[in-house]
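Below are the chains, spelled out letter by letter.
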Amino acid sequence: MKIYDVAIIGSGFSGITCAHYLKEEGIDNFCILEKNNSLGGVWSHGGVGSYPGAACDVQSYTYLPFLDETGFIPSKRYVSQTEIADYAELLVDHFDIRQHIKFLQKVVALEYVDFGKWRVEITNLESETKTEIFAKHIVCANGPLSSPRMPEFGGMEKFKGESFHTAEWDQEANLKGKKVGIVGTGASAAQVITSIADEVESLTVFQRTATWAIEREDQPTPPDIVEAFKAGGYSSKLRYVDWKGEYPPDPNLPFTFEQLHDKNWNSAVCDLLSERIKNDVNDPELAKLLTPDYPFFCKRVLIIDDYFTTFNKENVHLVNDPGGVVAVNETGLEMSSGDLHELEVIIYATGFDAGLIPFTVTGKNGITLADKFGASAENNFQMIEPKTLWGLHVNDMPNFYMMVGPQSLNPVTNVTLLCEEQGKYIAKLVSSMKLDNKDEVEPLAEAVKNWTDKCNVSSDGKIWLQCNNWYMKGTKDDQSAGRSRSKAMWMESHESYLNHLLGGADGHQDELLKFS
């Protein structure tokens, strides 16, 4: 029976990055289990990001990893989903990783079965059969944006027209000349709204909460940046994180982490953006409805061109109802106000269950990850009370690692930077254990408690406590259902996180981890 050194779940940038660093450490006996038939995770072809207008809202020059190594130059400042997916395919071939990938393999359960040994239960989505593999180490790189969150109102099955979630976009759907409604005003909603407005007969946007947005000012990659890429080192310079504080702050940053949480600075930004909305939107009353009443970045900010001006189009209508949609009937949506809206197509842009555990994880003595993280049927199996070390290690789960997991990032972290450091960390740890003839590692209970305590107070004084948002699992649906706020984020800066992970701010590996 073959036992892999490492099994990686997911082939987004976290999984690909970890695989690359494993190979750099000389570890070749690993596999990547991918439930789709393409690469890139959220950005994969046919994946959850395959809706009209899908694009990254972080500049491509800093978002895409390993650009200096591959020689790839992004076509523009904010690249589309298709280009990101194509780049993931290129990256895998450049680093000779494709041979390790098993496509259409959906992980349904992980179980610690013996000393230094995990069983991975898999459903083959092509043959619809169940199989299993065994591995010494497990890397969960399935990502927080992989499980669509459907709205929690009833009657969706009654609707006679077409309906789907943005993350499950019906590629056969024809929206031309139809009455379309879109529920939500987050990032995916905004990208769809600006992309389909000119195609449909009418577009009705159902908003419970207004959203801040700033212009991308997107443009093709200019010649000077092309030359900088060709000269080499440009991407590495942009992606460098000075977590040791060795250099003066970068004057080109739009804002610092500290400014974001400064009341006066944040208020001034809100005033500026409010004026922009007034200038963009012709109808003063509509402009008021589109202006948020919470701090800048309390919710995810839209980085997009033409969002507010789209509402000037005669066929685009805003329904602003704080109570939101309460039910779906055969012909459309029913609002808390009692209004009815007839539609031919309903698009649910209601985001993801970012704290969802998508498969069962059972560690030592039958303890599950759901037990550890406070996930239950009552809270839709959300990881609202995770207990980890650095968002990577969980005690009673030997050789189990999470990438971009809870307690490892704040809402303004560039996720692919985190992927690089976590992937590098895991690869070096697995390699050193092999050299030292160590078979298992897990964090000390005291180390987990200390990190969890830090995470639980890290949001104090931050803007993210000043509105309902998915970061804290404090959405209006969560509130109405009586669910507790999540404690799943590291709400200090990314630099401070790296100071703990790499700099030993609370102690080093030999002090915080137990090897055997």
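Residues numbered from 1 in each chain as written. Predicted model: local features only at pLDDT ≥ 70, side-chain atom pairs only at ≥ 80, totals over all residues. Heavy atoms only, no water.

*Asks:* Looking at this structure, how should I read the overall build of the protein?
*Replies:* Tallying secondary structure elements over the protein gives 17 helices and 20 strands in all. Taking 516 residues into account, the globule formula puts the C-alpha radius of gyration at 24 Å, and the protein, at 23 Å, falls close to it. For the protein, the spread of C-alpha atoms along the principal axes amounts to about 70 × 55 × 40 Å. When each of the 516 residues of the protein is scored for burial, the buried share is 55%. (Helix = DSSP H or I, 4+ residues; strand = E, 2+ residues; numbered from the N terminus. Rg over C-alpha atoms; globule rule 2.2 N^0.38 Å. Buried < 20%, exposed > 50% of the residue type's maximum accessible area, 1.4 Å probe, protein only.)

*Asks:* Sorry, what's going on with the sheet that holds strand β13 (residues 325–328) here?
*Replies:* Working definition: the strands of a sheet are paired by backbone hydrogen bonds and lie parallel or antiparallel to each other. What the three strands build is an open sheet, ordered β13-β14-β15; its pairing is antiparallel. Since the sheet does not close on itself, it has two edges, and those belong to β13 and β15 (340–342), each with one partner. Across this sheet, the average inter-strand angle for adjacent strands is 25 degrees, counted without regard to direction. Here strand β14 (residues 332–335) runs beside β15; their pairing, made up of three bridges, is antiparallel. Bridging from a neighbouring strand, E334 pairs with L340 of β15. (Pairing = 2+ DSSP bridges. Axes fitted to C-alpha atoms, helices over the stretch in contact; angles between N-to-C directions.)

*Asks:* Which parts of the structure should I look at to understand the state of the cysteines?
*Replies:* Simply put, disulfide is the name for a covalent bond between the sulfur atoms of two cysteines. Summed over all chains, the structure comprises one disulfide. Sulfur-sulfur distance for the disulfide between C298 and C467 comes to 2.1 Å. With the S-S bond torsion at -115 degrees, the cross-link from C298 to C467 turns out left-handed. Residue C298 is found in the loop between α10 (284–289) and β11 (302–303), and its partner C467 is found in the loop between α14 (445–457) and α15 (476–480); the two are separated by 169 residues along the sequence. For the residue pair C298 and C467, the accessibility class agrees, reading buried in each case. Considering cysteine sulfurs only, C419 is the nearest to C56, which forms no disulfide, with 12 Å between them. In this structure C56 comes out as buried when scored by relative accessible area, which is 3%. (Disulfide = S-S within 2.5 Å.)

*Asks:* What is the right way to read the side chain of E440 from this model?
*Replies:* Counting through the fold element by element, E440 comes out in the loop between α13 (415–435) and β19 (441–443). Within the buried set, E440 has no salt-bridge partner at all; the shortest N-O distance to an opposite charge, 5.3 Å, is to K364. One polar contact links E440 to Y112, side chain to side chain, over a distance of 2.4 Å. A distance of 2.6 Å separates a polar atom in the side chain of E440 from the backbone nitrogen of G116. In this view, E440 contacts Y112, D114, F115, G116, P398, N399, M433, K514, F515 and S516; residues no more than four positions away in its chain are not counted. (Lys, Arg positive; Asp, Glu negative; His and termini not counted. Salt bridge = Lys/Arg side-chain N within 4 Å of Asp/Glu carboxyl O. Polar contact = N/O pair within 3.5 Å; in protein donor to acceptor, adjacent residues only side chain to side chain. Contact = heavy atoms within 4.5 Å.)

That's the geometry; what it means functionally is another story.
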